Structures are given as C-alpha cells and as structure tokens.
Amino acid sequence: MSKPAGYSRLQIRLHWIVFGLVALQFIFAENMGEAWDTFVDGGTVEFSPLVASHVFGGMIIMLLVLWRLAIRLKRGTPDGPEGTTAGQAKVMHVMHWTLYLLLILMPLSGSLAWFGGIEQAAENHTIIKVALMVVVGLHVAAALFHQFVVKDNIMDRMRTPRD
C-alpha cells in the first residue's frame, strides 16, 4: 500500500471530534464518580443527564475510534515529517497505537463497571484514565515540540486535508 501524502478530511474531523469528546469526559467525570460511589454503597442512582452523557459519550468515542482505525488500516497514514529517524518513527507508531488501545479500553472498562457492576473494571477504568492522560499529554507535547521547536509544521497535518 502506498503512503498517503496526508490525512483525509474525515480522519482530521474524527481526530478533533474524539479529542473534544475525551476532553468533555474528563471535565464532567466527577458526576459519574459520585454515581458510581452511590451504586457501590448500595444506594439508588437517580437519572442524571451528566451521568448518561458520560456513559453514552464513552460509547460514541469507542465507535469513532474504531471507525478511525478502520480508515487508518484501509488508507494508511503519512510518513513522519522530513528528517524523522527510524527510532522516532517507531516511537510515533507505538504511541499512536497505545492511544488507540487506551481509547478503546477506557469505554470497555467503564461499560463493564457500569452495566456489569464489576468493581475491578471500575478500578481498571481509573488506571486507564491516568494512562490516557499521560499519553494524550505526551501526544500534545510532541506536536507542540515539533511545531515550535523543530518547526516542521507538523500540526498542519491535522488542519489541512490531503485526500
């Protein structure tokens, strides 16, 4: 398969939609935590739009990530910026796949906890949350480093489609 020159319009839109939804999940996670604590303590969890949006938001994120992966596997991805070493390319590859894995495991563990009442899944969800924050932070830091220190205009790849 030949390498595309850049990301497609759909890949870029899915990237930013998933980013926005993940950010919202972190911002509004406290209500979900309170509902989970009530559930674990044997209380009755009343309907809350914020809790429902967290549950369904996670499912939407997983579906969008799976869609993005299907496009990636079918279309491929562009090479790293000019001057990328083999080692850097390997790190980029591992980090992207780690990000995809965490974005799938997060809603899976949350679903098992919420719908299955599995406390271990809830604990795993918390661990995955921390790992996801670290990997997203590294992803953002790498993009900013490339943009402003290396000055290879890498961020343009997620702004300008090359279908």
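Residues numbered from 1 in each chain as written. Predicted model: local features only at pLDDT ≥ 70, side-chain atom pairs only at ≥ 80, totals over all residues. Heavy atoms only, no water.

Chemist: In this structure, what is going on with helix H3 (residues 49-75)? I would like to understand it.
Modeler: For an α-helix, the turn length of 3.6 residues means that residues three or four places apart are oriented alike. The terminal C-alpha atoms of H3 lie 37 Å apart, and with 27 residues this matches the ideal 39 Å at 1.5 Å per residue to within 8%. Just beyond H3, the residue with positive phi is glycine 76, at close to 90 degrees. (Helix = DSSP H or I, 4+ residues; strand = E, 2+ residues; numbered from the N terminus. Expected span 1.5 Å × (residues − 1).)

Chemist: Even after reading the chapter, I still don't get the confidence of the model for the protein, so can you show me in this structure?
Modeler: Caution applies to low-pLDDT regions: their predicted coordinates should not be interpreted in detail. On average, residues of the protein carry a pLDDT of 95, and 99% of them reach 70 or more. Mean pLDDT values over the elements of the protein span from 93, in helix H2 (residues 29-40), up to 97, in helix H1 (residues 9-27). (pLDDT = per-residue confidence, 0-100.)

Chemist: Can you help me understand the packing of aromatic side chains in this one?
Modeler: Following the criterion strictly, the structure yields four aromatic pairs and no others. Here the aromatic rings of tryptophan 16 and phenylalanine 19 are separated by 5.7 Å at their centres, their planes lie at 80 degrees, and the arrangement is edge-to-face. Of the two residues, tryptophan 16 and phenylalanine 19 are both situated in helix H1; the distance of three residues between them amounts to about one turn of the helix. Three or more aromatic residues link up through ring pairs in this structure, and these residues are Trp36, Phe39 and Trp114. (Phe/Tyr/Trp six-rings, centres within 6.5 Å; stacked < 30°, edge-to-face > 60°.)

Chemist: So what exactly am I meant to see when it comes to unusual backbone geometry here?
Modeler: Trans is the common state for peptide bonds, and a negative phi is the common state for residues other than glycine. Despite not being glycine, lysine 151 shows a phi value in the positive range, around 60 degrees. Looking at where lysine 151 falls in the secondary structure, it is placed in the segment after helix H5 (119-150).

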